[in-house]
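Architecture and fold: a report
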Amino acid sequence: MNFKRLMNETLVANSGDMSRGLKNQLTIVSAFANEELEKKMDYLKQKGISIYTYTGLRILEFSLPDIQAIIEEQSAKIDKYRANPQELVKDLRKREITVGNLNFNGMGDM
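Summarised in this report is the structure supplied together with it. (Residues numbered from 1 in each chain as written. Predicted model: local features only at pLDDT ≥ 70, side-chain atom pairs only at ≥ 80, totals over all residues. Heavy atoms only, no water.)

**Some words on the overall build of the protein chain**
Of the regular secondary structure elements, the protein chain holds seven helices and zero strands. Counting every position in the protein chain, which comprises 110 residues, the buried fraction comes to 33%. Relative to all contacts within the protein chain whose residues are 6 or more apart in sequence, the contacts with residues 24 or more apart total 58%. By element, 50% of the accessible surface of the protein chain is carried by carbon and sulfur atoms, the whole surface being about 7,100 Å². (Helix = DSSP H or I, 4+ residues; strand = E, 2+ residues; numbered from the N terminus. Buried < 20%, exposed > 50% of the residue type's maximum accessible area, 1.4 Å probe, protein only. Contact = heavy atoms within 4.5 Å. Areas by Shrake-Rupley, 256 points an atom, 1.4 Å probe, with all protein chains shown as cover.)

**Observations regarding helix α7 (residues 85–99)**
Between its first and last C-alpha atoms α7 spans 21 Å; for 15 residues at 1.5 Å apiece the expected length is 21 Å, and the two agree. Along α7, the positions that sit buried rather than exposed are Pro85, Glu87, Leu88, Val89, Asp91, Leu92 and Glu96. Those residues of α7 that are buried lie in contact with α3 (37–47), α4 (54–59), α5 (64–73) and α6 (78–83). (Expected span 1.5 Å × (residues − 1).)

**Quick look at the nonpolar core**
Counting residues in hydrophobic clusters, the biggest one holds 18 residues, and the most contacted among them are Leu44, Ile49, Ile59, Ile67, Ile71 and Leu88. Where this core is concerned, the elements lending two or more residues are α3, α5, α6 and α7. With four residues, the single largest contributor to this core is α5. With residues near it in sequence (within four places) discarded, Ile67 still touches Lys40, Tyr43, Leu44, Ile59, Phe62 and Leu92. (Core = buried A, V, L, I, M, F, W, Y, C linked by side-chain atoms within 4.5 Å.)

**With respect to the packing of α5 against α7**
In contact at an axis separation of 10 Å, α5 and α7 are set at 110 degrees when each is read in the N-to-C sense. When the axes of α5 and α7 are compared, the pair comes out roughly perpendicular. In this structure, α5 contributes Asp66, Ile67, Ala69, Ile70, Ile71 and Glu73 to the contact, and α7 contributes Leu88, Asp91, Leu92 and Arg95. Across the contact of α5 with α7, the residue classes tally to six nonpolar, no polar and four charged. (Axes fitted to C-alpha atoms, helices over the stretch in contact; angles between N-to-C directions. Parallel < 35°, antiparallel > 145°, perpendicular 65-115°, else oblique. Nonpolar A, V, L, I, M, F, W, Y, C, P; charged D, E, K, R; others polar.)

**Concerning the pattern of salt bridges**
All chains considered together, the criterion is met by eight salt bridges. Arg82 serves as the salt-bridge partner of Asp79, at 3.2 Å between the closest nitrogen and oxygen. Residue Asp79 and its partner Arg82 are located together in helix α6, separated by three residues, close to a single helical turn. Between Lys90 and Glu87 there is a salt bridge whose closest N-O contact spans 3.6 Å. Taken together, the residues span about one helical turn, with Lys90 and Glu87 both in helix α7 at a distance of three residues. Its relative accessible area of 18% is what places Glu87 among the buried residues. Connected through salt bridges with shared partners, the residues Glu61, Arg93 and Glu96 form a single ionic network. (Salt bridge = Lys/Arg side-chain N within 4 Å of Asp/Glu carboxyl O.)

**So, the packing of α3 against α5**
Closest axis-to-axis distance for the α3/α5 pair is 10 Å, and the angle between their directions is 15 degrees. Put simply, α3 runs roughly parallel to α5. Crossing angle aside, the handedness with which α3 passes α5 is left-handed. Every residue of α5 that contacts α3 at Lys39, Lys40, Tyr43, Leu44 and Lys47 is listed here: Leu64, Ile67, Gln68, Ile71 and Glu72. Residues of the contact of α3 with α5, tallied by class, amount to five nonpolar, one polar and four charged. (Left-handed = near helix turned anticlockwise from the far one by under 90°.)

In structure tokens, the structure reads:
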């Protein structure tokens, strides 16, 4: 399926509005098309961070070097990350904003 087409047709059909759920689904799809997927999964498993929830899957949207950097920089929070992967996502988003490493994937530059 062409996700860009799906997104564009959704925008047209809804007068420029797109549900947050559809936006999230489209961005998560890019995580699975990434060549680093296996390495990310192995690294997170090694650290004891589960990706088998919606929040855990969101971690996979970020690059492996960013994930590694946050976990190393915030090593005191590792238990928090294990209990609640959303905490890792929040820290990754903060890094993304402060470093200016926004990685648009060509799907409408969301």
